[in-house]
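Residues per chain are reported as follows:
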Amino acid sequence: MKRLLLILLLGLSLVLSSCVSKNTYQQKVNEADLLTRDVTTLSVANDELRQDKKDLQDDLSNLNARLVEALQQNSKLQRDLLAAYANQERQEGNLTLHQQQIDAMHVQLTDMQQTNDQLLTTIEELNRALEKEKIAREARLAKVKNTYNQLVGALEEEIKRGELTISNLEGQLSVNLLNKILFDSGKTVIKKEGLKVLQSLGDVLSKFPDKALQVAGHTDNVQISERLKERFPSNWELSTARATSVVHFLQDKVGLPGERIIAAGYGEYQPVASNDDAEGRALNRRIQILLVPYKPIAEAE
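In what follows, the accompanying structure is described. Keep in mind that what you see is a predicted model, and the values were worked out from it rather than measured.

## A closer look at the sheet that holds strand S1 (residues 164–169)
The strands making up a sheet are joined through hydrogen bonds of the backbone, oriented either antiparallel or parallel.
Thought 1: Strand order in this open sheet of five strands is S1-S2-S5-S3-S4, and the pairing throughout is mixed. Both edges of this open sheet fall to S1 and strand S4 (261–265), since each of them pairs with a single strand only. On average, each strand axis in the sheet is inclined to that of its neighbour by 20°, with strand direction left out of account.
Thought 2: Packing of helix H4 (residues 192–205) onto the sheet brings it into contact with S1, strand S2 (172–178), strand S3 (211–218) and strand S5 (286–293), and relative to S2 it is tilted by some 165°.
Thought 3: Together, S3, S4 and S5 form the strand contacts of helix H5 (residues 235–254), whose direction differs from that of S4 by roughly 165°.

## Remarks on the pattern of salt bridges
Thought 1: For the coordinates displayed, the defined rule picks out seven salt bridges.
Thought 2: Across the pair Glu-163 and Arg-161 runs a salt bridge, and its minimum N-O distance is 2.9 Å.
Thought 3: Members of the salt-bridge network, linked through shared partners, are Asp-184, Lys-191 and Glu-193.

## Focus on the pairing of S2
Looking along a regular strand, one sees side chains alternate from face to face of the sheet.
Thought 1: Of all seven residues in S2, six are buried, a share of seventy percent or more.
Thought 2: Relative to S2, S1 is paired through six bridges, and the arrangement is antiparallel. In the strand pairing of S2, Asn-168 is matched with Leu-173.
Thought 3: Between S1 and the antiparallel strand that follows it, S2, lie two residues; Glu-170 among them carries a positive phi value of about 50°.
Thought 4: Relative to S5, S2 is paired through six bridges, and the arrangement is antiparallel. In the strand pairing of S5, Leu-177 is matched with Ile-287.

## Section: a negative patch on the surface
Thought 1: Residues Asp-47, Glu-48, Asp-52, Asp-55 and Asp-59 make up a contiguous surface patch of negative charge.
Thought 2: Along the chain, the position of Asp-59 falls in helix H1 (residues 2–154).
Thought 3: Classification of Asp-59 by relative accessible area gives partly exposed; the value is 41%.

## Regarding the packing of H4 against H5
Thought 1: Between H4 and H5, the least distance of the axes is 10 Å, while the angle of their chain directions is 65°. Like other packed secondary-structure pairs, H4 and H5 cross with a definite hand, here right-handed. Where H4 approaches H5, its residues Leu-195, Leu-198, Gln-199, Gly-202 and Asp-203 are matched on the opposing element by Val-246, Phe-249, Leu-250, Lys-253 and Val-254.
Thought 2: Of the residues contributing to the contact of H4 with H5, the split by class is six nonpolar, two polar and two charged.

Cut-off values and rules
- Residues numbered from 1 in each chain as written.
- Predicted model: local features only at pLDDT ≥ 70, side-chain atom pairs only at ≥ 80, totals over all residues.
- Heavy atoms only, no water.
- Pairing = 2+ DSSP bridges.
- Helix = DSSP H or I, 4+ residues; strand = E, 2+ residues; numbered from the N terminus.
- Axes fitted to C-alpha atoms, helices over the stretch in contact; angles between N-to-C directions.
- Contact = heavy atoms within 4.5 Å.
- Salt bridge = Lys/Arg side-chain N within 4 Å of Asp/Glu carboxyl O.
- Buried < 20%, exposed > 50% of the residue type's maximum accessible area, 1.4 Å probe, protein only.
- Patch = residues over 30% accessible without salt bridge, like charges linked within 9 Å, V, L, I, M, F, W, Y side chains within 5 Å.
- Areas by Shrake-Rupley, 256 points an atom, 1.4 Å probe, with all protein chains shown as cover.
- Lys, Arg positive; Asp, Glu negative; His and termini not counted.
- Charge placed at Lys NZ, Arg CZ, Asp CG, Glu CD.
- Left-handed = near helix turned anticlockwise from the far one by under 90°.
- Nonpolar A, V, L, I, M, F, W, Y, C, P; charged D, E, K, R; others polar.

Dropping the structure here:
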């Protein structure tokens, strides 16, 4: 009986144990399903988190890159700003310098304008003076031309005979008399035909009291002969002596005042022709009388 009871108890225990285990199993199965679903959900969530983390890391990398680029740009902007400040300072310095230069140029322009005004005034004065001088020169030339015409008219016969020539060079009248008319070779005494020519010339020259006469003697380059060297060591003395003879005649015989007459000798040093032939030497042996404006000493002072 006890044994049967024991068996029954064991059987009941098994039956009860079997019932409990089945319920627990189902519960565990349900829990496992829930856990599986939770794991799946967590796995998906974990994957999403990993993707979010990757996206955030990518974003962080991009942000870092942009930050580096921004820092580089900021550094460049700072350098540019410093350069701009420096350039501004230079420009301000240049501007100050330029302003100083402009001010200096204004001063120079003002000075130049004053100088130009002075120059214009001077030019106007010079133009007026030149105009006056031109008028005076034209008057002098007209007077010289009139004197020339009178001389040529009065000495026409002597000119035709070749005894003298009259030239007008830049408003200065010159009367040239060849020595063959006035002097024999090596002589200073005026020949008879030369006296006649000088008398005619003197009569005409006496009509021009405003003219002084420069009487110049000229020779060729033939040296003084031995027989004359004691009296005329060179052509200087011979040319001067002949000029002096003409001056004495004009003063003593024609009556021209001595203060209006000058005697000079040039020897062979102012030829008008070549001394290589007889014709040229004959032209160089001459008395030249220049008509120049006469100013008394008191008036000249």
